[in-house]
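Spelled out from the first residue to the last, the chains are:
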Amino acid sequence: MMAKKRFVMTIRTRERLQGMLFVLPWFCGFMLFFVRNMYETLIFSLNKITPHLGHYDSDFVAFENYIYAFRGHAQFLQVLYNSMSNLLIDVPMIIFFALFMALILNRKFKGRGVIRALFFLPVIIATDGVTLMLNMANAVMAGGIQNLPSEFMSTTEGMNVMGLMRMLSNYGIPANVLGYVADVTGRIYTIMRASGVQIVIFIAALQSVSPAMYEVAHIEGATPYETFWKITLPMISPLIITNVVYTIVDNYTVSPVVELAKNTGTSGSYDFGLSAAMSMSSAVCVGLILFAVVWLLSRFTFYQNA
Amino acid sequence: MPIINKITESAFYKKNIHMFREALKRFMTSLFIFLIMLGVTYVIMSPVLRIVMNAIRHEADLSNSKVFLIPGQFTFQNFQLAFDFMRYPEILFFTMWFCLLITFFQLLICSLAGYGFARFRFPGRVLLFAGVVATIIIPVQVFLTPLYMQLRFFDVLGIIKLITGDTLNLHRTLWPVILTSATGMGIRSGLYVFIFRQFFRQLPKELEEAALIDGAGAARTFFTVMLPNASPALITVGLFSLVWQYNDTFFVNMFMSGNVFMSTMMVNLPGVIQNATFLQNGGWVGSPSNQFIYLIINAGVIIGMAPILITYFVLQRYFMEGIERSGIVG
């Protein structure tokens, strides 16, 4: 250390020390719970873990868990594929919907405060108990309570879109487009429920666009359409990335593949190694999607300060 | 259409055609917005309304086919039953103090870290902030298994084992969530650190300079000058943290399964009612039908969510302001 008597902290040293002290509690948790467990997940996934009462054994098996997950497991690949494709279907819809709603909610009209509060309501009441109730309430939408099936714990979601589909297919709209539309329509409630935070972030972004720009555009004779594409969209584009990342992560945490990995590790065979391998591979998949999407979007993003 | 012809041919109309067009445009726009809002409000509110309607529906309505949506007989009996089955006061008190404790930890630790990242330069700052972003992006589900094991055989650098001779089993206690929140790794803590950092960054630096000149140290500056000025961010993060902790069933089921919180109580209510009435009646005879249980659960969900809903509607004005000002936007 330093000579004790003459030691005087410079302002710079002091600042460094203080900064570290402020971050210290968070840093402890970061090392103890995050870094350690990410490392452990990697190690677990390369080992065969046999849990016993009070301790567990591990044998190094290299990539056997990964190979089993992809080649030998009955559901993993399918569930992973479904989760990822659902993610890719839902995310654009949520972003478009949130942006559209934010644009409307950003206008001045009577009762705006109430409507805004209402839009965030699904986020507030998003707990398993309520979700269960809402799904059941949707399921009995058509027939009233008399038609409630006796095994009422089984839930169905969404609305009946078959009639609409038949009509549209009679008009000769391609089946895969129809499939997407059907998917989205069926999930409209899910999409609304998942877009509360994004709407609020977009509203905040819209509020931060300087009104002077709109004035200039108006004076120069820009149409609202041009104003949207040339001013609004570029100005909020950094927040589109934020929202896309938030949506992907949010969607991933509730996806079936995470559920499968969890169940593999915490029930049945208690195969911790396989569970860790599943977690790692699905996280890598989402990471790749995130990376690709952010890279793609950042090419179209406009930063005012840069 | 003689009247319309008369209007369109009139000199007044021709002179003021712009005004008419503008008025029509404005009217059409607001009609469009109104319709969209109506539709969306319907989708959000209709299940909620249906839950309310079911909660105040009398049991007798179940076998009355004339009753649809609106209850034939109003009653608060369902609420009374749900209140009893849920052991409401006890569970609510327990859940609330726990959630408030966690919210306090989240606010304290995340604001400290956010302030540290926003205003101080120290070696490794950029790297550590990348760590914050990593905790936002990588959900806890990815490292669930090691976390599960870690909390089962809990130890910090082998110290606990050295003292007591064995590791701690934290499962089924309250410690998992308390420990993770008190070290900034609770539910969505990364997001809160991020919000606080963005907020503190946009506060004027003169605040701290004034405090420094008046002789306040860093800790004092933070608690007496910066925190009171950060109330929008505090309200936003506080509400988020309270709501997400209250609603959480994942961590509760994973690590604290011995404890009954309001969120798990709402999920388990059907089973609770069936068991209770089964024991009470000594058999299946006379236990309530599934439909009747469904009505009671509706009421149970309403009273279960009531504290959070009330908090939200009281705070929502500040909350929206907080989000707009707290610079999630940057």
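Cut-offs used in this document
- Residues numbered from 1 in each chain as written.
- Chains lettered and ligands numbered in written order.
- Predicted model: local features only at pLDDT ≥ 70, side-chain atom pairs only at ≥ 80, totals over all residues.
- Heavy atoms only, no water.
- Buried < 20%, exposed > 50% of the residue type's maximum accessible area, 1.4 Å probe, protein only.
- Helix = DSSP H or I, 4+ residues; strand = E, 2+ residues; numbered from the N terminus.
- Arc of directions from axis to C-beta.
- Contact = heavy atoms within 4.5 Å.
- Buried area = accessible area lost by both parts, 1.4 Å probe.
- Salt bridge = Lys/Arg side-chain N within 4 Å of Asp/Glu carboxyl O.
- Polar contact = N/O pair within 3.5 Å; in protein donor to acceptor, adjacent residues only side chain to side chain.
- Nonpolar A, V, L, I, M, F, W, Y, C, P; charged D, E, K, R; others polar.
- Phe/Tyr/Trp six-rings, centres within 6.5 Å; stacked < 30°, edge-to-face > 60°.
- Lys NZ or Arg CZ within 6 Å of the ring centre and 35° of its normal.

> Looking at this structure, I do not really get helix H2 (residues 64–72) of chain A. What am I missing?
For the α-helix, the turn length of 3.6 residues means that residues three or four positions removed from each other point alike. Residues and elements named next belong to chain A. For H2, the full list of buried residues reads Asn65, Tyr66 and Ala69. Down the axis, H2 shows its buried residues gathered within 105° of arc, on one side only. Facing away from the buried side of H2 by over 90 degrees, the exposed positions are Glu64, Ile67 and Arg71.

> Even after reading the chapter, I still don't get the interface of chain A and chain B, so can you show me in this structure?
Interface extent is often summarised as the accessible area lost during association of the parts. Between chain A and chain B, the residue contacts involve 88 residues of the former and 98 residues of the latter. Between chain A and chain B the total buried area reaches about 8300 Å² when both faces are included, carbon and sulfur atoms providing 79% of it. Applying the counting rule to chain A against chain B returns 1 salt bridge. The residue Asp250 of chain A makes a salt bridge to Arg188 of chain B at a minimum N-O spacing of 3.6 Å. Inspection of the chain A/chain B interface yields 10 residue pairs in polar contact (both at pLDDT 80 or more). The element contributing the most residues to the side of chain A that touches chain B is helix H1 (residues 11–45) of chain A, with 21 residues. Residue composition of the side of chain A that touches chain B, by class: 59 nonpolar, 20 polar and 9 charged.

> Just to check I follow, could you spell out unusual backbone geometry for this structure?
Most peptide bonds take the trans form, and the phi angle of most residues other than glycine is negative. Residue and element names in this part refer to chain B. In this structure, Arg87 is a non-glycine residue whose phi angle is positive, near 50°. Relative to the assigned elements, Arg87 resides in the loop between helix H4 (77–85) and helix H5 (88–119). On the accessibility criterion, Arg87 (38% relative accessible area) is partly exposed. Despite not being glycine, Arg188 shows a phi value in the positive range, around 55°.

> Before we go on, may I ask you to explain the packing of aromatic side chains in this structure?
Two aromatic rings are characterised by how far apart their centres lie and by the angle between their planes. Residues and elements named next belong to chain B. One pass over the structure, following the stated rule, counts 36 aromatic pairs over all chains. Look at Phe94 and Trp97: their rings are 6.0 Å apart centre to centre, the planes differ by 80°, and that puts the pair in the edge-to-face class. With Phe94 and Trp97 both in helix H5 and 3 residues apart, this pair spans about one turn of that helix. Take Trp97: its relative accessible area is 37%, and that puts it in the partly exposed class. Ring geometry for Phe251 and Phe255: centres 6.2 Å apart, planes at 40°, overall tilted. Of this pair, Phe251 and Phe255 are both found in helix H14 (residues 250–255), 4 residues apart, which corresponds to roughly one turn of the helix. Cation over ring: Arg188 sits above Trp244, and NZ or CZ is 3.9 Å from the ring centre.

> I keep staring at the side chain of Thr301 of chain A and nothing clicks. Help me out?
Residues and elements named next belong to chain A. Structurally, the position occupied by Thr301 is in the segment after helix H13 (272–298). Thr301 sits in the buried class, given a relative accessible area of 15%. A polar side-chain atom of Thr301 sits 2.8 Å from the main-chain carbonyl oxygen of Leu297. Those residues in contact with Thr301 that sit more than four places away from it in its chain are Ser237, Pro238 and Ile241.

> Whenever I open this one, the pattern of salt bridges confuses me. Can you help?
Opposite charge on two side chains allows them to pair when their charged atoms are near. Evaluated as defined, the whole model comprises 5 salt bridges over all chains. Of the charged contacts in the structure, one is a salt bridge between Arg36 of chain A and Glu40 of chain A, with a shortest N-O distance of 3.8 Å. Of this pair, Arg36 of chain A and Glu40 of chain A both sit in helix H1, 4 residues apart, which is roughly one turn of the helix. You can call Glu40 of chain A buried: its relative accessible area is 15%. The partner of Arg87 of chain B in a salt bridge is Glu90 of chain B, and the shortest N-O contact between them spans 3.2 Å.

> What's the story with the environment of Ala102 of chain A in this structure? I'm lost.
Residues and elements named next belong to chain A. Turning to its location among the elements, Ala102 is positioned in helix H3 (residues 76–105). By relative accessible area, which is 0% here, Ala102 ends up buried. Between the C-alpha atom of Ala102 and that of Ala205, which follows or precedes it by 103 residues, the distance is 9.3 Å. In this view, Ala102 contacts Ile199, Phe202, Ile203 and Leu206; residues no more than four positions away in its chain are not counted.

All we've got here are geometric facts, nothing functional implied.
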